[in-house]
Amino acid sequence: MTQPTPFDPGTEFDRQVRTLIDLGYPAMAGLDATRFDAMLTPLREHATRYAPTTCDPETGRVPFLLVLTRQVAAIEQTMPRTTLHGKRRPGFVDHSFEPGAIERFVATPAVALPDQRGYLLFDIERGEEFCGAVPSDAMNTISTRGRTPLTIEEGIALITHFPQILVKNKCFSLGGSRSGDRRVPALWISQNAPKLGWCWEGNPHTWLGMASAGTRRAAD
């Protein structure tokens, strides 16, 4: 069993900002790199104040994520910026999402996003304990623990900042985004790349868990 790696939250926050800049997020947001960095800087204090000082992505746990919503960068643009760890093939949105479907998968009322543009997500778990569980049951269990399922944008942020999280047989659903039907979005591996698809809320899969987090915080 690997031991969590000590790290500095401020340095990790700066790394995540740099990752987004290098991937072209400022242009997607209609900003230059300087203004993009200035937009995110107020969140840095929360990262240094509330984040733990260990990180263990190999076991599916990370301390915090810098998340940008689709109001800043569209999902159809951010998924192709993801890759598997050590690979080059870009992630993609599965064709099972009919035209206009992605727009209907929004954060559930229980998720209560703290900001409609960007925020920090803390205490993230990949959720492989729920592999083989019925997704609706997994979401109920997460709720009883006082935790929250991840949204689509949060799932993309997770594999953007920590691509080693998405591995064979340890993929995950994103129950924080729903469209009013029985579909639950999920991230898994297809064609040697990350894929954003969906599964039915009543259908278990042995290779698909349910990602969750502890809390969300926006800038003051």
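Before reading further, recall that the structure is shown in the block above.
Participant: Explanation requested: the packing of aromatic side chains in the structure shown.
Facilitator: Pairs of aromatic rings are described using the distance from one ring centre to the other and the angle between the two planes. Under the criterion given, the structure shown has 6 aromatic pairs. With a centroid separation of 5.4 Å and an interplanar angle of 85 degrees, the aromatic rings of Phe 97 and Phe 105 are classed as edge-to-face. In this structure, Phe 97 and Phe 105 share a single accessibility class: buried. Pairing Trp 198 with Trp 200 gives two aromatic rings, centres 4.7 Å apart and planes at 70 degrees, and the pair type is edge-to-face. Here the aromatic cluster, defined as three or more aromatic residues joined through ring pairs, consists of Phe 7, Tyr 50, Phe 64 and Phe 122. Positioned above the aromatic ring of Phe 162, the side-chain terminus of Arg 15 is 5.1 Å from the ring centre. If you follow Arg 217 out to its NZ or CZ, it ends over the ring of Tyr 50, 3.7 Å from the centre.

Participant: Help me understand the environment of Met 28 in this model?
Facilitator: Considering the arrangement of structural elements, one finds Met 28 in helix H2 (residues 25-28). Residue Met 28 is classed as buried on the basis of its relative accessible area, which comes to 13%. Counting along the chain gives 119 residues from Met 28 to Arg 147, while the straight-line C-alpha distance between them is 31 Å. Apart from residues no more than four positions distant in its own chain, Met 28 is found in contact with Leu 23, Val 72, Ala 73, Gln 77, Thr 78 and Arg 81.

Reading the values: the criteria
- Residues numbered from 1 in each chain as written.
- Predicted model: local features only at pLDDT ≥ 70, side-chain atom pairs only at ≥ 80, totals over all residues.
- Heavy atoms only, no water.
- Phe/Tyr/Trp six-rings, centres within 6.5 Å; stacked < 30°, edge-to-face > 60°.
- Buried < 20%, exposed > 50% of the residue type's maximum accessible area, 1.4 Å probe, protein only.
- Lys NZ or Arg CZ within 6 Å of the ring centre and 35° of its normal.
- Helix = DSSP H or I, 4+ residues; strand = E, 2+ residues; numbered from the N terminus.
- Contact = heavy atoms within 4.5 Å.

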